[in-house]
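Observations on the three-dimensional arrangement
The chain contents come next:
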Amino acid sequence: MATIKSILHETRIFPPDPAFVEQANVSGMETYHALCAEAEKDLPAFWGRLAKEHILWHKPFTRVLDETNHPFLNWFDDGELNVSFNCLDRHLDTQPDKTAIIFEADDGAITRSTYRELHHQVCQFANGLKSLGIKKGDRVVIYMPMSIEAVVAMQGCARIGATHSVVFGGFSAKSLHERILNAGAVAVITADEQRRGGKINHLKAVVDDAIARGGADSVTSVVIYQRGAGNVQLHVPRDVWWHELIKDQSDICEPEWVNSEHPLFTLYTSGSTGRPKGVQHSSAGYLLGAITSMKWVFDYKPADVFWCTADVGWVTGHSYVTYGPLAIGATQVIFEGVPTYPDAGRFWKMIQDHQVTVFYTAPTAIRSLIKLGPDFPGKYDLSSLRLLGSVGEPINPEAWIWYYTVVGQSRCPVVDTWWQTETGSHMIAPLPGAVPLKPGSCTLPLPGIIAGIVDEAGHDIPDGKGGFLVIKRPFPSLARTLWGEPERFRKTYFPEELGGKYYLAGDSANRDADGYFWIMGRVDDVLTVSGHRLGTMEIESALVASPLVAEAAVVGKPDEIKTEAIVAFVVLKGSRPQGANAHDIAVELRNWVSTEIGPIARPDEIRFGDNLPKTRSGKIMRRLLRTLAKGEEITQDTSTLENPAILEQLKHPIT
Ligand code: WT7
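Residues numbered from 1 in each chain as written. Predicted model: local features only at pLDDT ≥ 70, side-chain atom pairs only at ≥ 80, totals over all residues. Heavy atoms only, no water.

Turning our attention to the sheet that holds strand 22 (residues 467-471). Strand order in the open sheet formed by four strands is 21-22-24-25, with antiparallel pairing between adjacent strands. Across the chains shown, the open sheet's two edge strands, defined by having one partner strand only, are strand 21 (451-454) and strand 25 (517-522). Each strand of the sheet is rotated relative to its neighbour by a mean of 45°, with strand direction disregarded. Of the pairings in the sheet, the one linking strand 22 to strand 24 (residues 503-511) comprises four bridges and is antiparallel in character. Considered in strand 24, the bridge of F468 is made with S508. (Pairing = 2+ DSSP bridges. Helix = DSSP H or I, 4+ residues; strand = E, 2+ residues; numbered from the N terminus. Axes fitted to C-alpha atoms, helices over the stretch in contact; angles between N-to-C directions.)

This is the structure we're talking about:
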């Protein structure tokens with residue numbers, strides 16, 4: 001580790017290896033600059049060219065971009081396509097027997113599907129959905145474990161034009177219920193159980209609980225994929241087993257042709273208010289972003305074995321598991337389990353066993369694996385690897401260097417990809433055969449992505465000074481709206497204060513003299529916990545929903561592994577608890593949040609006060625709470641506080 005630390009004091013640059021440059025899809029900075037120049041000269045012409053090259057159109061488009069109704073943009077809007085056709089049928093003549101998916105279960109069992117088989121599976125399932133009366137425009141919630149079937153479920157929806165909304169399997173019944181209601185879903189696709197790290201999670205029981213909470217009358221079908229013993233309560237006629245549903249279905253299903261702007265999916269993500277946002281994506285623009293980034297950033301080659309470790313419950317699992325790799329005809333690995341089971345060598349063993357060439361994971365996973373088994377990668381043959389990727393949060397240079405030297409054996413470029421649920425695909429990331437790497441920087445925007453850093457009034461900020469990260473010009477893969485909440489979309493992402501034209505990402509960033517972007521973190525009340533986005537308000541609402549709690553404020557505290565740990569400052573309805581009682585209530589409240597939202601939102605720490613530090617106008621001073629959470633001395637001015645004495649009570653965590 002001593003050598004790693006010393007490297008950190010240098011500002012090292014890693015230019016691409018000449019051998020890599022030679023074989024790359026985009027070779028050398030000149031080629032990268034030429035692509036950027038083509039886009040800047042005529043943005044619609046640039047994206048129009050790519051859309052013609054990469055997408056199979058049922059009806060070709062004649063218009064590329066319509067900005068009349070800004071920020072509600074239309075791309076390729078007189079064109080028609082089907083996303084599932086673009087992911088599957090297009091490969092049937094050229095490479096039907098190529099492996100599309102290598103699935104490895106938690107216990108190590110392996111299942112494979114070729115493109116032909118996957119096409120059959122998707123068609124049969126799509127016909128099954130149709131037999132339930134599900135049709136174009138209907139919303140379908142998917143609450144499934146990582147599996148080939150999860151991909152089949154999503155692709156099946158896309159095939160018939162139903163809009164899917166995947167809910168991560170770690171979310172609670174309450175969160176699932178909210179999302180079912182918000183979407184007005186007609187069906188839920190789930191499994192009897194999910195297996196991760198040797199543990200079983202009963203997904204179907206959670207679905208039953210969610211629907212029983214009421215108001216979900218729109219749900220007329222629940223489809224259950226049998227992953228385990230099949231011990232579920234069947235509510236007939238609502239519930240149907242996956243295998244029963246597809247039993248007599250044809251394996252041919254004509255795709256439903258949809259408009260370019262047809263909503264392919266919605267995906268809920270956290271924002272600065274208590275209510276999650278239903279981010280709505282298009283069909284053609286979204287697909288184009290997934291395809292171009294597979295080519296540019298992952299330098300996709302037909303011989304690659306691609307592995308993105310993200311769950312399909314997150315956008316990374318949509319763009320780089322379900323859609324991007326299939327659209328481009330890749331062989332990919334899908335994994336049911338966790339990186340630490342049976343031990344911290346699981347990822348490396350799987351890379352060796354499946355000869356993975358391109359590996360994409362999150363800094364939080366890398367950091368926990370460094371901690372648990374820094375030497376584990378050395379036990380496996382990782383020579384198949386040629387490219388490594390990182391996503392979800394800034395990767396600290398120390399973790400970057402370990403990833404680069406120990407996992408990639410100083411041979412594989414590390415692509416640090418900055419993007420968001422809303423952007424649909426990579427925005428700022430190195431093109432590995434062109435852009436020299438700097439550990440900790442996501443480097444330069446992709447061609448066609450016009451990124452900038454501005455102040456509160458939307459004015460450009462000189463390089464070297466931090467500000468708000470914006471994207472100044474439209475790009476095809478951006479979310480189209482928030483499901484049912486267009487005004488919220490406009491206000492959140494295209495605020496008037498910034499002139500209304502720039503997409504405001506919600507991150508602060510810095511740009512150095514070479515034009516490289518360094519992401520500093522969220523500027524809104526959103527926490528990054530193990531690569532997942534959680535709104536502080538969301539956790540606060542969950543806490544105050546407890547009968548014990550009067551008031552709560554949640555902040556993040558830097559954490560070595562998780563990026564941020566969740567610290568909740570709580571005022572109880574009764575008196576401030578002491579000693580063992582405080583401990584017990586803290587445990588109870590942490591579990592409460594876990595049941596309300598899901599285990600990822602469980603506070604790491606709870607502190608009780610008679611009140612919260614507030615200004616005289618009643619505003620909670622979160623900056624002070626952040627300082628307290630870190631255990632640092634308060635140096636800020638506290639003279640505007642209504643109740644400075646409260647700070648003393650909030651200094652110490654409950655033990
Ligand atoms: C937020 C978006 C993109 C898929 C996973 C997360 C942070 C994401 C990076 C990166 C620094 C990053 C940002 C962003 N983020 N990637 N490479 N470097 N920060 O999607 O849940 O929508 O979260 O994740 O803060 O705004 P998401």
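A contiguous patch of positive charge, built from K619, R623, R626 and K630, is present on the exposed surface. Within the secondary structure layout, K619 lies in the loop between strand 30 (605-608) and helix 19 (622-630). Judged by its relative accessible area of 59%, K619 is exposed. (Patch = residues over 30% accessible without salt bridge, like charges linked within 9 Å, V, L, I, M, F, W, Y side chains within 5 Å. Areas by Shrake-Rupley, 256 points an atom, 1.4 Å probe, with all protein chains shown as cover. Salt bridge = Lys/Arg side-chain N within 4 Å of Asp/Glu carboxyl O. Lys, Arg positive; Asp, Glu negative; His and termini not counted. Charge placed at Lys NZ, Arg CZ, Asp CG, Glu CD. Buried < 20%, exposed > 50% of the residue type's maximum accessible area, 1.4 Å probe, protein only.)

With that settled, the discussion passes to the environment of W419. Relative to the helices and strands, W419 is located in the loop between strand 20 (414-417) and strand 21. For W419 and A429, which are 10 residues apart along the polypeptide, the C-alpha to C-alpha distance reads 8.7 Å. Residue contacts for W419: discarding those within four places in its chain leaves V315, T316, S319, Y320, Y360, V391, G424, S425, H426 and M427. Side-chain polar atoms of W419 contact the side chain of Y360, separated by 3.2 Å. (Contact = heavy atoms within 4.5 Å. Polar contact = N/O pair within 3.5 Å; in protein donor to acceptor, adjacent residues only side chain to side chain.)

This part takes up the UniProt feature "domain: Acetyl-coenzyme A synthetase N-terminal" (unreviewed entry) in the protein. The sites that UniProt annotates as "domain: Acetyl-coenzyme A synthetase N-terminal" (unreviewed entry) are residues 32-87. Regarding residues 32-87, the helix share stands at 48% and the strand share at 11%, and the terminal C-alpha atoms are separated by 27 Å. (UniProt positions renumbered as here; feature names shortened; annotations may be inferred.)

A separate point is the layout of surface pockets. Size it by volume and the second largest pocket reaches roughly 290 Å³. Every residue lining the second largest pocket is counted, 17 residues in all, and those nearest its centre are K491, T492, P495, L504 and V523. Contributing elements (two or more residues each) for the lining of the second largest pocket: helix 16 (486-493) and strand 24. The residue makeup of the lining of the second largest pocket, split by class, is seven nonpolar, three polar and seven charged. (1 Å grid on protein atoms, 1.4 Å probe; cavity = no way out; pocket = protein on both sides within 12 Å on 5 of 7 lines; lining within 4 Å. Points joined across faces, edges and corners; volume = space filled by probe spheres on them. Nonpolar A, V, L, I, M, F, W, Y, C, P; charged D, E, K, R; others polar.)

Next up on the list: the sheet that holds strand 6 (residues 139-143). Pairing is mixed in the open sheet, where eight strands are placed in the order 12-11-8-6-7-14-15-23. Each edge of the open sheet carries a strand with a single partner, namely strand 12 (239-241) and strand 23 (481-482). Note that strand 6 and strand 7 (residues 163-166) share four bridges and pair parallel. When the sheet's bridge partners are listed, V140 is paired in strand 7 with H164. Sitting on the sheet, helix 7 (residues 148-160) is in contact with strand 6, strand 7, strand 8 (187-191) and strand 11 (221-225), with an inclination near 175° to strand 6.

In the vicinity of the ligand, 16 residues are found, and the nearest of them are D416, T417, T421, D507 and R522. G392 is positioned with one of its backbone polar atoms (N or O) 3.1 Å from a nitrogen atom of the ligand. About the coverage of the ligand: the protein hides 95% of its 550 Å² of free accessible area. Elements that contribute at least two residues to the shell around the ligand include exactly helix 12 (315-327), strand 20 and strand 25. (Near = heavy atom within 4 Å.)

In terms of strand pairing, strand 4 (residues 99-104) meets strand 5 (residues 110-114) through five bridges, oriented antiparallel. Bridged to F103 within strand 5 is T111. In this antiparallel pair of consecutive strands, strand 4 and strand 5, the connection spans five residues, and G108 shows a positive phi of 95°.

This part takes up the pattern of salt bridges. Opposite charge on two side chains allows them to pair when their charged atoms are near. Applying the stated rule across the entire model yields 39 salt bridges. One salt-bridge network, in which partners are shared between bridges, spans K174, E178, R179 and E596.

Right, let's get into the packing of helix 11 (residues 284-296) against helix 12. At a minimum axis separation of 9 Å, helix 11 and helix 12 run at an interaxial angle of 80°. One element, helix 11, and the other, helix 12, form an angle in the roughly perpendicular class. Contacts between helix 11 and helix 12 involve Y286, L287, G289, A290, I291, S293 and M294 from the first element and H318, S319, Y320, Y323, G324, P325 and A327 from the second. Looking at side-chain class alone, the contact of helix 11 with helix 12 contains nine nonpolar, five polar and no charged residues. (Parallel < 35°, antiparallel > 145°, perpendicular 65-115°, else oblique.)

Tallied over the entire structure, the rule returns 36 aromatic pairs. Considering the side-chain rings of F85 and W257, the 5.2 Å spacing of their centres and the 70° angle between planes classify their relative orientation as edge-to-face. Note that F85 is positioned in helix 5 (residues 83-87) and W257 in the loop between helix 10 (242-246) and strand 13 (258-259), a separation of 172 residues in sequence. F85 sits in the partly exposed class, given a relative accessible area of 23%. Relative to F494, the ring of F489 has its centre 5.9 Å away and its plane inclined at 50°; by these criteria the two rings are tilted. (Phe/Tyr/Trp six-rings, centres within 6.5 Å; stacked < 30°, edge-to-face > 60°.)

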